Number of protein chains: 4
Amino acid sequence: MIRFTNDYSEGCHPLILKAMEAANLEGNFGYSLDPHSEHAHALIRAACGRPDADVHILVGGTQTNQTAISAFLRPYEAVIAASTGHVCVHETGAIEATGHKCIACPADDGRLTPEAVRAAYAANTTEHMVKPALVYVSETTEVGTLYSYAQLKALRAVCDELGLLLYLDGARLGSALAAGAVTLPQLGELADAFYIGGTKNGALFGEALVILNARLKPCFRYNIKQRGGMLAKGWMLGVQFEVLLQNDLYTELGRHENALALRLRDGIAALGYPFASHSETNQQFPILPDAVVEKLAPDFSFEFSSKPDASHTAIRLVTSWATQPESIDAFLRALAAAAK
Amino acid sequence: MIRFTNDYSEGCHPLILKAMEAANLEGNFGYSLDPHSEHAHALIRAACGRPDADVHILVGGTQTNQTAISAFLRPYEAVIAASTGHVCVHETGAIEATGHKCIACPADDGRLTPEAVRAAYAANTTEHMVKPALVYVSETTEVGTLYSYAQLKALRAVCDELGLLLYLDGARLGSALAAGAVTLPQLGELADAFYIGGTKNGALFGEALVILNARLKPCFRYNIKQRGGMLAKGWMLGVQFEVLLQNDLYTELGRHENALALRLRDGIAALGYPFASHSETNQQFPILPDAVVEKLAPDFSFEFSSKPDASHTAIRLVTSWATQPESIDAFLRALAAAAK
Amino acid sequence: MIRFTNDYSEGCHPLILKAMEAANLEGNFGYSLDPHSEHAHALIRAACGRPDADVHILVGGTQTNQTAISAFLRPYEAVIAASTGHVCVHETGAIEATGHKCIACPADDGRLTPEAVRAAYAANTTEHMVKPALVYVSETTEVGTLYSYAQLKALRAVCDELGLLLYLDGARLGSALAAGAVTLPQLGELADAFYIGGTKNGALFGEALVILNARLKPCFRYNIKQRGGMLAKGWMLGVQFEVLLQNDLYTELGRHENALALRLRDGIAALGYPFASHSETNQQFPILPDAVVEKLAPDFSFEFSSKPDASHTAIRLVTSWATQPESIDAFLRALAAAAK
Amino acid sequence: MIRFTNDYSEGCHPLILKAMEAANLEGNFGYSLDPHSEHAHALIRAACGRPDADVHILVGGTQTNQTAISAFLRPYEAVIAASTGHVCVHETGAIEATGHKCIACPADDGRLTPEAVRAAYAANTTEHMVKPALVYVSETTEVGTLYSYAQLKALRAVCDELGLLLYLDGARLGSALAAGAVTLPQLGELADAFYIGGTKNGALFGEALVILNARLKPCFRYNIKQRGGMLAKGWMLGVQFEVLLQNDLYTELGRHENALALRLRDGIAALGYPFASHSETNQQFPILPDAVVEKLAPDFSFEFSSKPDASHTAIRLVTSWATQPESIDAFLRALAAAAK
């Protein structure tokens with residue numbers, strides 16, 4: 001079975017595992033108050049060009065989104081997100097569980113647009129409605145597309161105009177950085193807060209939340225603890241990000257997964273199949289005849305994404321830091337064969 | 001100024017006021033544990049043909065929806081509602097504030113359809129998504145349309161098939177009963193819970209929640225108290241519903257407001273104006289040229305509902321138990337004059 | 001049956017009923033955005049000597065406490081209150097339902113002391129514990145005792161020192177004002193927010209929340225709506241407080257109930273019975289032999305408060321604006337007879 | 001610096017690290033739906049003698065308590081716990097953050113007693129109060145003491161009588177099993193749910209929740225996801241518990257830490273110092289003169305637990321699976337020297 005199911009089917013990069021082993025018996029103070037965590041935070045601040053940022057490394061993505069967003073909002077405030085956004089769809093209502101509505105907006109190839117933000121804002125105008133307060137975007141998006149720096153700047157401008165916070169979910173930020181869509185210093189400039197996702201880019205687990213807006217910083221660790229996200233052996237989070245930031249391993253892993261994904265994309269396109277989104281990153285969504293999908297299923301694992309019509313399925317193929325080039329070749333061969 | 005702003009611009013029907021005066025100094029046990037409340041509950045049970053129902057009279061509609069729905073659901077369960085539904089739009093995220101997502105579905109002239117329920121259910125299939133558990137409908141809908149008995153039965157059938165609860169918001173149920181769309185015994189047969197709205201149909205305040213599904217009944221009063229909805233002088237809620245249920249004053253008031261609303265509708269239609277919805281009840285949404293709206297504004301109060309195009313506005317005209325026939329005539333005359 | 005059960009067994013003072021009748025058909029904008037509400041707010045601001053205060057009149061006490069406290073706190077912040085405090089005991093966990101811990105402190109005859117506040121603060125020092133943020137006091141307390149102006153000033157000083165908010169629950173503030181413990185301008189000076197209770201002092205329902213701290217004011221109406229506390233026919237709240245503030249009817253009603261309560265207290269004490277608290281207000285807690293309580297029960301209604309030992313019960317006797325002097329005489333006669 | 005700060009200053013046992021390395025690149029389905037997790041669940045079910053149990057392994061203790069308790073309760077239901085209980089004190093109000101009150105009871109050397117449960121139940125009797133629904137105990141307790149099987153049986157009997165759930169926090173269960181206080185099959189017999197703590201007993205992270213009561217099982221994974229506790233690379237949780245359960249490594253590690261702790265206790269006692277609790281497990285709380293504490297501080301790390309008087313401090317000394325016997329000897333030597 002060759003896996004394109006997701007980018008968290010394998011554990012962590014060997015360098016990370018080695019560093020975790022090295023730190024295993026060091027003896028460290030718990031709860032991320034240790035030299036590894038401090039060092040990782042410093043590396044992240046430097047990489048973002050924001051020495052003033054607060055960095056907190058949490059275990060997982062839903063946890064990070066929930067903890068951050070619930071900490072940033074007043075009870076009646078709401079999130080504006082694309083209808084395809086992770087917080088709208090794939091977190092079991094984790095934001096709502098903390099009391100906040102997610103306003104789902106039409107997505108443009110997975111992206112939230114300034115127009116959609118304006119429309120959501122304009123539709124919620126009185127105290128009988130929620131008060132939009134935070135714009136949520138994912139980079140890369142849930143369908144593999146990217147926000148360019150210009151697009152994020154345009155969203156920032158709308159946020160400034162309307163008094164909204166800009167929050168960026170970087171679960172797959174490695175892939176976005178590798179694709180050249182945006183840089184960490186640009187995020188350090190534009191976002192009120194964002195996170196650098198480790199789980200889907202080489203770490204065993206871990207998401208580094210970067211808080212840039214000074215108003216959002218005080219007492220944040222109380223929120224982490226209250227939401228159940230404070231890891232006792234927190235230095236193991238620090239260790240992983242120390243490695244990811246060194247020699248920019250983080251972006252290098254993104255380049256690996258992107259390169260393989262684009263090879264997959266180009267090979268599939270060459271066979272004449274269309275795609276459900278214009279992804280340039282490590283998730284590809286080819287639309288295949290059901291009969292073809294059936295032939296691939298015994299040897300390749302992947303998720304079903306949507307049914308554009310009765311006889312076709314868009315499947316999701318994901319590459320990771322651990323994906324082997326041979327796996328791409330095998331898939332393309334099998335696809336070519338299945339089409340016959 | 002003649003008011004078509006809403007159906008809660010006046011206080012209560014004179015018979016209700018008289019009954020409240022009579023009960024003012026009686027001396028009653030608090031918190032709705034009094035003979036008036038018990039009598040009102042019994043009248044409602046009888047009117048619904050459900051001697052087994054639990055009845056709780058709360059003060060307001062948002063409070064009733066929030067208390068009931070949060071009591072009925074497990075933390076990860078969600079509400080399915082039309083995108084125009086009151087819980088989706090006009091309650092400041094009160095459902096989300098208790099931790100539950102509202103899944104907004106495309107509305108068909110204000111109505112939720114079995115197809116929309118099915119689609120929402122089918123789109124939420126794993127533990128990474130919320131679990132749809134309760135279908136919310138309003139009778140009359142927020143745009144004045146009605147669910148027929150057959151339509152509600154179809155929704156009930158889908159709910160049974162998919163294991164969902166059916167909850168009906170009866171803020172304007174008086175208007176619906178008067179329109180003959182449905183009867184209280186039919187609701188007693190179809191819903192898991194619903195409420196009979198007093199505030200918008202002759203009461204000073206008060207919404208009578210009828211719980212039919214035995215699983216939803218235990219300890220419900222704890223929820224009322226915890227959500228801040230338990231009125232100390234609760235017998236004043238009982239007194240009001242005693243009056244509304246006697247001689248079916250409740251439906252009679254609905255007939256009054258419907259009759260005036262339809263006269264308004266027919267008069268406006270006769271002048272050639274279209275409507276934003278096919279309302280047969282006490283809310284009418286004519287689409288008028290902005291210039292005409294401007295001429296009416298100094299003498300009539302109403303809400304702006306939507307902007308179908310750059311030069312037209314759909315306004316909302318609401319009649320109530322207290323609306324005078326002369327007010328309808330005055331509006332139609334003014335509209336005819338404004339159009340010239 | 002003569003009722004000493006509570007101070008909400010009767011409806012409202014005749015002057016209030018009359019004013020509600022007069023306003024019944026006026027036609028007013030809803031949701032407390034009407035001239036009566038504005039006038040009542042202005043009268044309250046004037047009475048407190050705080051023209052800058054924000055006033056919001058809600059329907060009930062638990063609702064007011066829940067809405068205000070949840071609006072004022074960040075998610076990880078907690079309330080410090082006496083263990084006998086209403087929020088700790090008698091609101092079905094309404095504060096916890098909004099996510100906040102109530103830290104219960106030892107009560108001194110129903111009062112929270114600066115020492116207890118300091119101790120609660122000192123015991124919660126890290127992000128692994130909640131962060132104390134708001135001190136809750138009730139005036140009068142739940143056992144009928146009073147905070148003097150000096151005692152409230154001492155609590156204010158501790159709050160200032162430790163960075164805590166001071167919130168005062170005035171469900172029975174009428175009785176406290178009448179007893180001369182404190183004045184409205186003194187509360188206007190000392191509290192961050194407090195409420196003037198109507199339900200237990202002559203109103204049909206209604207509690208006027210006064211927000212003094214500017215940081216707590218923005219967007220407060222969103223919270224009212226979201227928690228289900230926004231009354232459609234809100235002018236009826238305004239009307240009631242217009243009457244209560246005129247000629248200081250509010251304090252006059254407090255004087256009536258206090259005078260009768262002290263007559264009750266003195267008569268009981270003269271018969272040799274002790275009390276569970278040193279109440280100078282409208283709740284009295286005599287400790288009586290169980291045999292005596294049994295003899296009184298058929299003719300007088302009251303609540304059982306505690307069992308100091310196996311053969312005695314502390315009962316709660318409450319007087320209200322509607323209590324008749326004859327009822328006091330009847331009780332004292334019956335008690336004297338029962339003791340024989 | 002020799003660390004007695006806690007039992008999570010080191011990473012994981014070498015056998016666990018080895019197993020994690022071995023599983024690192026296997027390729028597994030995510031979210032604990034993998035063979036390692038299934039195997040670990042099966043081993044735990046077998047160890048508890050409950051083939052019907054549902055097992056879910058979460059990352060941390062606060063997360064486990066919060067997820068489980070909020071899943072098990074209705075909104076108005078409350079937890080009964082010792083005032084020293086972890087959920088009452090050291091989880092930043094995580095239970096309250098999900099809407100539930102924790103009723104803090106007097107602790108008997110860290111233990112909750114049947115009498116305290118009864119008293120808490122008896123004090124909350126109406127819908128104006130929370131409804132006690134779940135008894136929370138920790139084994140070992142927060143002060144190192146133990147519940148015997150007989151004591152847990154007595155609590156179970158009270159729970160059965162009063163209709164309460166019994167939930168056991170096993171953050172330090174390894175130490176309790178090693179001390180012979182209770183066995184896993186006994187917990188399988190007595191509790192409605194409990195967790196086997198990995199973080200504090202040799203795992204890198206991970207707490208295995210065992211749900212025994214069938215009513216509490218459905219849809220539990222929704223709660224894990226919604227509270228942010230579903231680990232993407234969940235097989236790494238399974239791997240760790242596979243190792244801990246094999247050859248009963250879990251209890252063996254507990255024996256190691258207990259043996260060293262008792263050696264510490266006996267040595268300190270031999271020097272004449274008293275203890276703040278009668279701990280037989282891996283946390284010891286000697287009461288030392290402040291001057292002695294000061295002399296120890298440069299070479300040994302530990303937490304300050306309480307100040308029994310102005311010149312003494314109870315410190316907390318914790319041993320772990322990684323503590324070396326030489327560290328005990330060094331501490332006792334230093335203490336003997338400091339006392340001179």
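Here, every reference points to the structure presented above.
Reading the values: the criteria
Residues numbered from 1 in each chain as written. Chains lettered and ligands numbered in written order. Predicted model: local features only at pLDDT ≥ 70, side-chain atom pairs only at ≥ 80, totals over all residues. Heavy atoms only, no water. Helix = DSSP H or I, 4+ residues; strand = E, 2+ residues; numbered from the N terminus. Rg over C-alpha atoms; globule rule 2.2 N^0.38 Å. Contact = heavy atoms within 4.5 Å. Lys, Arg positive; Asp, Glu negative; His and termini not counted. Charge placed at Lys NZ, Arg CZ, Asp CG, Glu CD. Least-squares fit on C-alpha atoms with pLDDT ≥ 70 in both. Axes fitted to C-alpha atoms, helices over the stretch in contact; angles between N-to-C directions. Parallel < 35°, antiparallel > 145°, perpendicular 65-115°, else oblique. Left-handed = near helix turned anticlockwise from the far one by under 90°. Nonpolar A, V, L, I, M, F, W, Y, C, P; charged D, E, K, R; others polar. Buried area = accessible area lost by both parts, 1.4 Å probe. Polar contact = N/O pair within 3.5 Å; in protein donor to acceptor, adjacent residues only side chain to side chain.

Visitor: Residues and numbers for the overall build of chain A, please.
Guide: Looking only at helices and strands, chain A has 14 helices and 13 strands in total. Scaling as 2.2 N^0.38, a compact globule of 340 residues should have a C-alpha radius of gyration of about 20 Å, and chain A matches this with 20 Å. Once the C-alpha set of chain A is aligned to its principal axes, its extents read approximately 60 × 55 × 30 Å. For chain A, contacts bridging at least 24 residues in sequence account for 73% of all contacts bridging at least 6. Charged side chains in chain A number 27 positive and 36 negative. The centres of these two groups are separated by 2 Å.

Visitor: Lay out the relation of the copies chain D and chain A in plain terms, naming residues and giving numbers.
Guide: In the superposition of chain D on chain A (RMSD 0.0 Å, axial shift 0.0 Å), the rotation amounts to 180 degrees. Given the turn and translation reported, the copies of this chain are related as if by a two-fold rotation axis. Taken as a fraction of all interface residues of chain D, those also at the interface in chain A reach 100%, which identifies the copy contact as same-surface.

Visitor: Before we move on, can you summarise the packing of helix H1 (residues 14-23) of chain D against helix H11 (residues 235-245) of chain D with the specific residues and values?
Guide: All names here are of chain D. In contact at an axis separation of 9 Å, H1 and H11 are set at 140 degrees when each is read in the N-to-C sense. In terms of axis orientation, H1 runs oblique to H11. In this structure, the crossing between H1 and H11 has a hand that is right-handed. Contacts between H1 and H11 involve Leu 15, Ile 16, Ala 19, Met 20 and Ala 23 from the former and Trp 235, Met 236, Val 239, Gln 240, Val 243 and Leu 244 from the latter. Here the residues of the contact of H1 with H11 sort into 10 nonpolar, 1 polar and no charged.

Visitor: An account of the interface of chain D and chain A is requested, with residue identities and associated values reported.
Guide: Residue-level contacts link 41 residues of chain D with 41 residues of chain A. At the boundary of chain D with chain A, total buried surface from both sides reaches about 3700 Å², with 57% on carbon and sulfur atoms. Put simply, chain D and chain A have 25 residue pairs in polar contact (both at pLDDT 80 or more) between them. Listed by contribution, the elements that provide at least two residues to the side of chain D that touches chain A are H1, helix H3 (61-72), helix H5 (94-97), helix H10 (220-226) and H11 of chain D. Class assignment of the residues belonging to the side of chain D that touches chain A gives a composition of 19 nonpolar, 15 polar and 7 charged.

Visitor: Give me the lowdown on the packing of helix H2 (residues 35-48) of chain B against helix H11 (residues 235-245) of chain B, citing residues and values where you can.
Guide: Residues and elements named next belong to chain B. Interhelical geometry of H2 versus H11 gives an angle of 40 degrees and a closest axis separation of 7 Å. The pairing of H2 with H11 is recorded here as oblique in orientation. Regarding H2 and H11, the two cross each other, and that crossing is left-handed. Note on element contacts: H11 touches H2 through Trp 235, Gly 238, Val 239, Phe 241, Glu 242 and Leu 245, opposite His 36, Ser 37, His 39, Ala 40, Leu 43, Ile 44 and Ala 47. Of the residues belonging to the contact of H2 with H11, the class tally is 8 nonpolar, 4 polar and 1 charged.

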